[in-house]
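Below are the chains, spelled out letter by letter.
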Amino acid sequence: MNNNQTVEKLKQMRLGAMAELHLQQLKDNRIEKSTPDEYLALLTDHQWEDRQNRKIQRLLKQAGFKQRADLADIDHNQNRNLDKNMFDRLATLDFMSRKENIIITGASGTGKSYLGQALGHQACMMQYRTIYSNTARLLKKLKLSKVDGTYLKELNRLLKAELLILDDFGLQSFDNHAREALMDIIDDRHNKTSTIIASQIPVSAWYDIIGEGTIADAILDRIVNSSHRIGLKGESLRKGILKKE
Ligand SMILES: Nc1ncnc2c1ncn2[C@@H]1O[C@H](COP(=O)(O)OP(=O)(O)OP(=O)(O)O)[C@@H](O)[C@H]1O
């Protein structure tokens, strides 16, 4: 039997992990140690896992996180008003099947971005398309996309993300373009996909920050009512990091 040909054909069919494992098993003389169906299952499982892992790595890369944040590393001992039960429930991502949103507020450095990204990381692990972005940067990109005619394409890209994380919301004031783009994003996603918004600004001030009463009303009506709230308190975690150094 020409094993090299078999391996080559597997590779051409994009079954590279299967091919590599088959080669290794031949080399180690291990093939006779399993029944044909056990051997087929071994190769298939290996290829399957490899493909799932690659998909997760691709989703993590496409998400554009600014740091790696893991649910397992979240420090619940810090006294910062983070309800562990509530957060554990959110971490199951059931809120995503219900198309609900999350709003995380708190002063600078209290860990809003970290929590948002940890949930985003979990979403990628569960194979959800996720996009993380600084809000002002995203709105600026959308403004530019209007100029080169790719605005709808860009909105569609955002809509395809099953989880969108808008960080540093409200740090820069909204002009007409930004307000309209925000309205389009939120309206597109309403009851269809989930959004996490992280902001230093308390929700009570968002109406004034967005400006233009009717648009602000429409946006807030769509996000705030269907959202879980995390209001972080306490000192900046950056101070702790600085103190340790
Ligand atoms: N749960 C955590 N476990 C480990 N490190 C954390 C955790 N939460 C936050 N940090 C660290 O604390 C620092 C501040 O966190 P983060 O950037 O999330 O704060 P923030 O509230 O988003 O701040 P800002 O509003 O200024 O953007 C970061 O260096 C982050 O890595």
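Residues numbered from 1 in each chain as written. Predicted model: local features only at pLDDT ≥ 70, side-chain atom pairs only at ≥ 80, totals over all residues. Heavy atoms only, no water.

## Section: the overall build of the protein chain
For the protein chain, the count of helices and strands is 12 helices and five strands. Each principal axis of the C-alpha atoms in the protein chain carries an extent, and together these give about 75 × 50 × 35 Å. The 245 residues of the protein chain split such that 42% are buried. Across the protein chain, the fraction of contacts at a sequence separation of at least 24, relative to all contacts at a separation of at least 6, is 80%. (Helix = DSSP H or I, 4+ residues; strand = E, 2+ residues; numbered from the N terminus. Buried < 20%, exposed > 50% of the residue type's maximum accessible area, 1.4 Å probe, protein only. Contact = heavy atoms within 4.5 Å.)

## A short note on the domain arrangement of the protein chain
The domain architecture assigned to the protein chain consists of domain 1 (3–57) and domain 2 (64–244). Each of domain 1 and domain 2 has a C-alpha centre, and these two points are 41 Å apart. (Domains from an automatic or database assignment.)

## Considering the environment of Asp-50
Tracing the chain through its elements places Asp-50 in helix H3 (residues 36–63). Taking the C-alpha atoms as reference, Asp-50 lies 22 Å from Gln-5; in sequence the two are 45 residues apart. In this structure the side chain of Asp-50 is engaged in a polar contact, spanning 2.8 Å, whose partner is the side chain of Arg-54. (Polar contact = N/O pair within 3.5 Å; in protein donor to acceptor, adjacent residues only side chain to side chain.)

## Some thoughts on the packing of helix H7 (residues 135–147) against helix H9 (residues 176–189)
Contact geometry for H7 and H9: axes closest at 9 Å, N-to-C directions at 100 degrees. Between H7 and H9, the angle falls in the class roughly perpendicular. Residues Leu-138, Leu-139, Leu-142, Lys-143 and Lys-146 of H7 form the contact with H9, whose participating residues are His-177, Ala-178, Glu-180, Ala-181, Leu-182 and Ile-185. Grouping the amino acids of the contact of H7 with H9 by side-chain chemistry returns seven nonpolar, one polar and three charged. (Axes fitted to C-alpha atoms, helices over the stretch in contact; angles between N-to-C directions. Parallel < 35°, antiparallel > 145°, perpendicular 65-115°, else oblique. Nonpolar A, V, L, I, M, F, W, Y, C, P; charged D, E, K, R; others polar.)

## Thoughts on the site of the ligand
Close contacts around the ligand come from 18 residues, with Ser-108, Gly-109, Lys-112, Ser-113 and Tyr-114 the closest. Lys-112 is positioned with one of its side-chain polar atoms (N or O) 2.7 Å from an oxygen atom of the ligand. Ser-113 places a side-chain nitrogen or oxygen 2.7 Å from an oxygen atom of the ligand. Protein chains shield 83% of the accessible area of the ligand, which is 620 Å² for the free molecule. Elements supplying a minimum of two residues to the shell around the ligand: helix H6 (112–125) and helix H12 (237–244). (Near = heavy atom within 4 Å. Areas by Shrake-Rupley, 256 points an atom, 1.4 Å probe, with all protein chains shown as cover.)

## A few points about the sheet that holds strand E4 (residues 194–199)
What the five strands build is an open sheet, ordered E2-E3-E4-E1-E5; its pairing is parallel. Bordering the open sheet on either side are strand E2 (130–134) and strand E5 (227–231), each of which pairs with just one other strand. When the angles between neighbouring strand axes are averaged without regard to direction, this sheet yields 10 degrees. As judged from the four bridges shared by strand E3 (residues 163–167) and E4, these two strands associate in the parallel manner. Following the sheet pairing, Leu-163 is matched in E4 by Ser-194. Here H7 sits on the sheet and contacts E2 and E3; the angle it forms with E2, its principal contact strand, is near 100 degrees. (Pairing = 2+ DSSP bridges.)

## Overview of helix H8 (residues 151–160)
Looking at H8, one finds that the buried residues are Tyr-151, Glu-154, Leu-155 and Leu-158. Seen end-on, H8 carries its buried residues on one side only, within an arc spanning 100 degrees. Exposed and oriented more than 90 degrees from the buried face of H8 are Leu-152, Lys-153 and Lys-160. Looking at the buried residues of H8, the elements they touch are E2, H7, E3 and H9. (Arc of directions from axis to C-beta.)

## Quick notes on the pattern of salt bridges
Overall, the coordinates contain 10 salt bridges when judged by the stated rule. The closest approach of N and O atoms between Glu-20 and Lys-11, which form a salt bridge, is 3.5 Å. Here Lys-143 and Asp-175 are joined by a salt bridge, their closest N and O atoms 3.3 Å apart. Of this pair, Lys-143 sits in helix H7 while Asp-175 sits in the loop between E3 and H9; the two residues are 32 residues apart in sequence, bridging distant segments of the chain. Residue Lys-143 is classed as partly exposed on the basis of its relative accessible area, which comes to 36%. (Salt bridge = Lys/Arg side-chain N within 4 Å of Asp/Glu carboxyl O.)

## As for H7
In a regular helix each residue adds 1.5 Å, so 13 residues correspond to 18 Å; H7 covers 19 Å between its end C-alpha atoms and thus fits that length. For H7, the complete set of buried residues consists of Thr-135, Leu-138, Leu-139, Leu-142 and Ser-145. The arc enclosing the buried residues of H7, seen along the axis, measures out at 115 degrees, which places them on a common side. In H7, the exposed positions that point more than 90 degrees away from the buried face belong to Arg-137, Lys-140, Leu-144 and Val-147. Of the surrounding secondary structure, the elements contacted by the buried residues of H7 are E2, H8, E3 and H9. Two or three places before Ala-136, at the start of H7, stands the capping residue Asn-134, its side-chain oxygen 3.1 Å from that residue's backbone nitrogen. Of the residues trailing H7, Gly-149 is marked for its positive phi of about 75 degrees. (Expected span 1.5 Å × (residues − 1).)

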